[in-house]
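Report on the structure
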Amino acid sequence: TTNAFGQGMSATTLQLAAAYNTLANGGLYTAPRLVVGETQPPAREVISAQTARTTRELLRAVISDGIPQAAGIKGYALAGKTGTAQVVVDGRYSSTLYDSVFAGFFPSDQPRVTLAVMVHGARERYHGSMLAAPIYRDVAAAILSKWAEPPTQ
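Summary of the structure given here. Numbering of residues starts from 1 in each chain and follows the order in which that chain's sequence is written. Local features in this predicted model are restricted to residues whose pLDDT is 70 or higher, and side-chain atom pairs enter the listing and the counts only when it is 80 or higher, whereas totals over whole chains, interfaces and linings include all residues. Side-chain numbers here rest on the full set of heavy atoms in the structure, without hydrogens or water.

1. Describing the overall build of the chain
Under the DSSP-based scheme used, a helix requires at least four consecutive residues in state H or I and a strand at least two consecutive residues in state E, with every element numbered from the N terminus. The helix and strand tally for the chain stands at 4 helices and 5 strands. For the chain, the sequential pattern of α-helices and β-strands runs α-β-β-α-α-β-β-β-α. Put simply, the radius of gyration uses C-alpha atoms, and a globule should come to 2.2 Å times the residue count raised to 0.38. Compactness check: the chain gives a C-alpha radius of gyration of 16 Å against a globular reference of 15 Å for 153 residues, within 12% of the reference. For the chain, the spread of C-alpha atoms along the three principal axes comes to 45 × 35 × 30 Å. Buried residues are those whose accessible area, probed at 1.4 Å on protein chains only, stays under 20% of the maximum for their type, while exposed residues exceed 50% and partly exposed ones sit between those limits. The burial tally for the chain puts 32% of its 153 residues in the buried class. Pairs of residues are marked as contacts when any of their non-hydrogen atoms sit within 4.5 Å. Considering only contacts in the chain between residues 6 or more positions apart, those separated by 24 or more positions represent 54%. Only the protein chains shown count as cover for residues, with accessible areas throughout obtained via the Shrake-Rupley method and a probe of 1.4 Å. Split by element, the accessible area of the chain, about 9400 Å² in all, is 54% carbon and sulfur. Measuring between centres, the 13 positive side-chain charges of the chain sit 2 Å from its 10 negative side-chain charges. His is not counted, nor are the chain ends, whereas Lys and Arg count as positive and Asp and Glu as negative. In this description, the location of a charge corresponds to atom NZ of lysine, CZ of arginine, CG of aspartate or CD of glutamate.

Below you can see the structure in the form of C-alpha cells.
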C-alpha cells in the first residue's frame, strides 16, 4: 500500500543521479563514473527518447510552474523534482528525522549537468522544496556562473 507514494522504497543518491541522468540523456543509461578517464561501458536505451523528452518537460514544469523561488534561476531552464522521506530508526519510520531530496539537470533543453542533493536526517524545514531544492539552485547557479552562461529566457 505504501509503494504508490514511495514509502519504503530506497535508492542511494548516486542511483538517483543515474536515473535522472538517463532522462537527461534521452533515455540512454550510462553507468556513473567516479574516476575521470576510466573506460565507460556503452550507453544503453532503458526508456524511449519520447518518454525521456516528456518527462524532462514535466520536470522543467516542476520548477518553472511549481517552485521557481526554491529551485529556479531566473532566465535559465532547470528541471528536477523534490522528495521527502521519513528516516527508518530501529525498524520504524521516524516522525522527527527526514531525508530531504532534490534531483534534476540543467539546462533542461540540452542538459549538461545532472545533480542530486540529499540532506539526511533533517529535522526542520525538511521538505525537499524547503531544504534540498535551494541547495540544488545554489550549486546550479555557481556552475552557470563559472561557465559565464548567459540567460536563455
